[in-house]
Amino acid sequence: QVQLVESGGGLVQAGGSLRLSCAASGRTFATSAVGWFRQAPGEEREFVAGIDWSGSTTHYADSVKGRFTISRDHAKNTVYLQMNSLEPEDTAVYYCATASLGLGPSSPEWYDQWGQGTHVTVSS
């Protein structure tokens, strides 16, 4: 079991960039797949991006492909979500989660642990 601490959320203008960080404690994080999800008010939590244990395989939601990049730094036990060309529709609470069984389905139920969430607001 790992503990996840998220940071990097904030308020940005449309077209701007933001980098979210998901820092983990516990060495099992290094062998877990990690996903970023987001949830806007009144909407269901949706998959944004995922990365396997090695960082060699990544998946993205169609809505963010080409704009967002997920990566991980094993030395720092941290997974990042670089968000470029942000749009107002990207406004949401972003969550980091781990999947001990590897990179699989994009549904939240696949993931074992979740961070506290960090707010991202993109203004027009």
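Residues numbered from 1 in each chain as written. Predicted model: local features only at pLDDT ≥ 70, side-chain atom pairs only at ≥ 80, totals over all residues. Heavy atoms only, no water.

With respect to topology, 4 strands assemble into an open sheet ordered β1-β3-β8-β7, the strand pairing being antiparallel. Edge positions in the sheet fall to β1 (3–7) and β7 (68–73), since each of these pairs with one other strand and no more. The sheet shows a mean angle of 15° between the axes of neighbouring strands, direction not considered. Where strand β3 (residues 18–25) and strand β8 (residues 78–83) come together, 6 bridges link them in antiparallel fashion. (Pairing = 2+ DSSP bridges. Helix = DSSP H or I, 4+ residues; strand = E, 2+ residues; numbered from the N terminus. Axes fitted to C-alpha atoms, helices over the stretch in contact; angles between N-to-C directions.)

Time to look at the nonpolar core. Trp36, Leu81, Met83 and Tyr94 are the most contacted members of the largest nonpolar core, which totals 28 residues. Going through the elements one at a time, β3, β4 (33–39), β5 (46–51), β7, β8, β9 (92–99) and β11 (118–123) are the ones with two or more residues in this core. If we skip the residues at most four places from it in the chain, leucine 81 touches Leu18, Arg19, Leu20, Trp36, Val48, Ala49, Phe68, Thr69, Ile70 and Tyr94. Counting residues in hydrophobic clusters, the runner-up holds 6 residues, among them Phe37, Phe47, Ala97 and Ala99. (Core = buried A, V, L, I, M, F, W, Y, C linked by side-chain atoms within 4.5 Å. Buried < 20%, exposed > 50% of the residue type's maximum accessible area, 1.4 Å probe, protein only. Contact = heavy atoms within 4.5 Å.)

What follows is about the pairing of β3. Of the pairings in the sheet, the one linking β1 to β3 comprises 5 bridges and is antiparallel in character. By the bridge assignment, glutamine 3 is partnered in β3 with serine 25.

With that settled, the discussion passes to the pairing of β11. Of the two faces of β11, the one holding Thr118, Val120 and Val122 is buried and the one holding His119, Thr121 and Ser123 is not buried anywhere. Alignment of strand β2 (residues 10–13) against β11, held across 4 bridges, turns out to be parallel. Its bridge partner lying in β11, glutamine 13 is registered against serine 123. As judged from the 3 bridges shared by β9 and β11, these two strands associate in the antiparallel manner. In the sheet register, tyrosine 94 faces β11, and the bridge partner there is threonine 118.

What follows concerns the pattern of salt bridges. Under the counting rule described, the total for this entry stands at 4 salt bridges. For glutamate 46, the salt bridge goes to arginine 38, with nearest N and O atoms at 2.8 Å. Under the relative-accessibility criterion, glutamate 46 is labelled partly exposed at 33%. Aspartate 90 is the salt-bridge partner of arginine 38, the closest N and O atoms lying 2.8 Å from each other. Here arginine 38, found in strand β4, pairs with aspartate 90, found in the loop between β8 and β9; they are 52 residues apart in sequence, far enough to count as distant. Each of Arg38, Glu46, Arg67, Glu87 and Asp90 takes part in a single network of salt bridges with overlapping partners. (Salt bridge = Lys/Arg side-chain N within 4 Å of Asp/Glu carboxyl O.)

Function cannot be read off these values alone, since they describe shape.
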